[in-house]
Amino acid sequence: SIGTRDDQNALMLAQYTGPGAITLYINPYMFADTNELTELFVEAAEEGYYVADTTWADVGVHELGHVATYMILEKKHNGKMGLIKDDIKRRATAFAIRQKAYMGIRDQYPGKSLKEMVAEISFQAEKNAAETVAEAFLDVQLHKDEAKPLSHAIVDILREELAQ
């Protein structure tokens, strides 16, 4: 997510709000000057803060990465709100997805740590496991076959989990 629901500078964020319910919060004030937003995102993407080539219009795709995780959580915990909220707070499922993805590809990239592979995605991905998953989702949507290896591995796991 880019900011928090109470943050005046938040652009947009997805939040699990109950069984079968995910709310996408959009701050209309942040979209008032799209030229300023464009400049902000060009600079941030060039500095590696976001996935390469990200524009302000791609923030929703990043948020869909969170939505995919929330859908997996709902299935995993049978819609039990307390378990889902605890998992979100601890980022347990996002952490497990990131770990499983890394373990599945690490032999193909000897000497590369999980930390290094996460950093290749973006600075935002380094924030925590949930952000890694969302940024990986965005990376694959933007760059298709050219996305980072860890991004592909994470999205493969999302697809696998959601197909069950």
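None of these values were measured; they are calculated from a predicted model. (Residues numbered from 1 in each chain as written. Predicted model: local features only at pLDDT ≥ 70, side-chain atom pairs only at ≥ 80, totals over all residues. Heavy atoms only, no water.)

Caption draft 1: Structural view of the overall build of the chain. Of regular secondary structure, the chain possesses seven helices and two strands. Helices and strands appear in the chain in the N-to-C order β-β-α-α-α-α-α-α-α. Expressed as a percentage of its 164 residues, the buried residues of the chain come to 41%. Across the chain, contacts joining residues at least 24 apart in sequence account for 55% of those joining residues at least 6 apart. Surface accessibility of the chain: about 9000 Å² in total, with carbon and sulfur atoms responsible for 53%. For the chain, the centre of its 17 positive side-chain charges and the centre of its 26 negative side-chain charges are spaced 11 Å apart. (Helix = DSSP H or I, 4+ residues; strand = E, 2+ residues; numbered from the N terminus. Buried < 20%, exposed > 50% of the residue type's maximum accessible area, 1.4 Å probe, protein only. Contact = heavy atoms within 4.5 Å. Areas by Shrake-Rupley, 256 points an atom, 1.4 Å probe, with all protein chains shown as cover. Lys, Arg positive; Asp, Glu negative; His and termini not counted. Charge placed at Lys NZ, Arg CZ, Asp CG, Glu CD.)

Caption draft 2: Expanded view of the side chain of Thr-93. Looking at the secondary structure, you find Thr-93 in helix H4 (residues 92-105). Take Thr-93: its relative accessible area is 5%, and that puts it in the buried class. Within the structure, the side chain of Thr-93 is placed 2.7 Å from the side chain of Asp-87, a separation counted as a polar contact. (Polar contact = N/O pair within 3.5 Å; in protein donor to acceptor, adjacent residues only side chain to side chain.)

Caption draft 3: Quick look at the packing of aromatic side chains. Tallying each qualifying case throughout the model produces four aromatic pairs. Measuring from centroid to centroid gives 5.7 Å for Phe-31 and Trp-56, while their planes differ by 70 degrees, and the two rings are edge-to-face. Of this pair, Phe-31 sits in the loop between strand E2 (21-26) and helix H1 (34-46) while Trp-56 sits in the loop between H1 and helix H2 (59-76), and the two are 25 residues apart along the sequence. Where Phe-41 meets Tyr-50, the ring centres are 5.0 Å apart and the plane angle is 15 degrees; that geometry is what we call stacked. A single burial state applies to Phe-41 and to Tyr-50, both of which are buried. An aromatic cluster of at least three residues, connected via ring pairs, comprises Phe-41, Tyr-49 and Tyr-50. (Phe/Tyr/Trp six-rings, centres within 6.5 Å; stacked < 30°, edge-to-face > 60°.)

Caption draft 4: Molecular detail of H4. Between its first and last C-alpha, H4 extends 20 Å over 14 residues, near the 20 Å set by a 1.5 Å rise per residue. Of the surrounding secondary structure, the elements contacted by the buried residues of H4 are H2, helix H3 (81-90), helix H5 (114-121), helix H6 (129-143) and helix H7 (149-163). (Expected span 1.5 Å × (residues − 1).)

Caption draft 5: Region of the structure containing the pairing of E2. Alignment of strand E1 (residues 12-18) against E2, held across six bridges, turns out to be antiparallel. Looking at the pairing, Tyr-16 lines up with Ile-22 of E2. Here E1 hands over to E2 after two residues, with Gly-20 in that stretch at a positive phi of 70 degrees. (Pairing = 2+ DSSP bridges.)

Caption draft 6: Up close: the environment of Ala-96. You can see Ala-96 is positioned in helix H4. When the C-alpha atoms of Ala-96 and Ala-129 are compared, they prove to be 8.5 Å apart, with 33 residues separating the residues in sequence.

Caption draft 7: Spotlight on the packing of H5 against H7. In contact at an axis separation of 8 Å, H5 and H7 are set at 95 degrees when each is read in the N-to-C sense. The angle between H5 and H7 places the two elements in the roughly perpendicular class. Contacts from Leu-114, Met-117, Val-118 and Ile-121 of H5 reach H7 at Pro-149, Leu-150 and Ser-151. Class assignment for the residues of the contact of H5 with H7 results in six nonpolar, one polar and no charged. (Axes fitted to C-alpha atoms, helices over the stretch in contact; angles between N-to-C directions. Parallel < 35°, antiparallel > 145°, perpendicular 65-115°, else oblique. Nonpolar A, V, L, I, M, F, W, Y, C, P; charged D, E, K, R; others polar.)

Caption draft 8: Main features of a negative patch on the surface. A cluster of acidic side chains, namely Asp-33, Glu-36, Glu-39, Glu-43, Glu-46 and Glu-47, defines a negative patch on the protein surface. Here Glu-36 is to be found in helix H1. On the basis of relative accessible area, Glu-36 is assigned to the exposed category, the value being 54%. (Patch = residues over 30% accessible without salt bridge, like charges linked within 9 Å, V, L, I, M, F, W, Y side chains within 5 Å. Salt bridge = Lys/Arg side-chain N within 4 Å of Asp/Glu carboxyl O.)

Caption draft 9: Unusual backbone geometry, seen in detail. For Asn-78, which is not a glycine, the phi torsion comes out positive at approximately 50 degrees. Inspection of the secondary structure assignment puts Asn-78 in the loop between H2 and H3. You will see that Lys-144, though not glycine, has its phi angle at about 45 degrees, which is positive.

Everything listed here is a matter of coordinates, which is why it stays silent on function.
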